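Chain and residue survey
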Amino acid sequence: MAGPHQIWQMDLETGIIKTYAGTGAEACIDGSLTESAFAQPSGITNNRQFTRVS
């Protein structure tokens, strides 16, 4: 979702969309899903162990 500097998730069965990661602050802070911060995230990948955002 553009704008709030967060990664969002959508439940395909219910259509519910919610925050997955990021505080909403524009910053580059590694951390847990609720402590991390992103600066205009535009890419995401996952290797089943880590999720990486660019």
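Let me begin by describing the structure that accompanies this report. Note that the structure is predicted; figures quoted are calculated from it, not measured.

Focus on the side chain of Ser36
Topologically, Ser36 is positioned in the loop between β2 (17-21) and β3 (44-46). If we skip the residues at most four places from it in the chain, Ser36 touches Ala21, Gly22, Thr23, Ile29 and Gly31.

Describing a nonpolar patch on the surface
On the surface, a cluster of nonpolar side chains totalling about 350 Å² of accessible area is made up of Met10, Leu12 and Ile17. Mapped onto the elements, Met10 comes out in strand β1 (residues 7-10).

What about unusual backbone geometry?
With a phi close to 55°, Gln40 is a non-glycine residue in the positive phi region. Of note, Gln40 is situated in the loop between β2 and β3. For Gln40, a relative accessible area of 57% translates into the label exposed.

Focus on the pairing of β1
Examined bridge by bridge, β1 and β2 share four bridges and lie antiparallel to one another. Paired with Gln9 across the bridge in β2 is Lys18. Here β1 hands over to β2 after six residues, with Gly15 in that stretch at a positive phi of 80°.

Rules and cut-offs
Residues numbered from 1 in each chain as written. Predicted model: local features only at pLDDT ≥ 70, side-chain atom pairs only at ≥ 80, totals over all residues. Heavy atoms only, no water. Helix = DSSP H or I, 4+ residues; strand = E, 2+ residues; numbered from the N terminus. Contact = heavy atoms within 4.5 Å. Patch = residues over 30% accessible without salt bridge, like charges linked within 9 Å, V, L, I, M, F, W, Y side chains within 5 Å. Areas by Shrake-Rupley, 256 points an atom, 1.4 Å probe, with all protein chains shown as cover. Salt bridge = Lys/Arg side-chain N within 4 Å of Asp/Glu carboxyl O. Buried < 20%, exposed > 50% of the residue type's maximum accessible area, 1.4 Å probe, protein only. Pairing = 2+ DSSP bridges.

So yeah, pure geometry; function would need other evidence.
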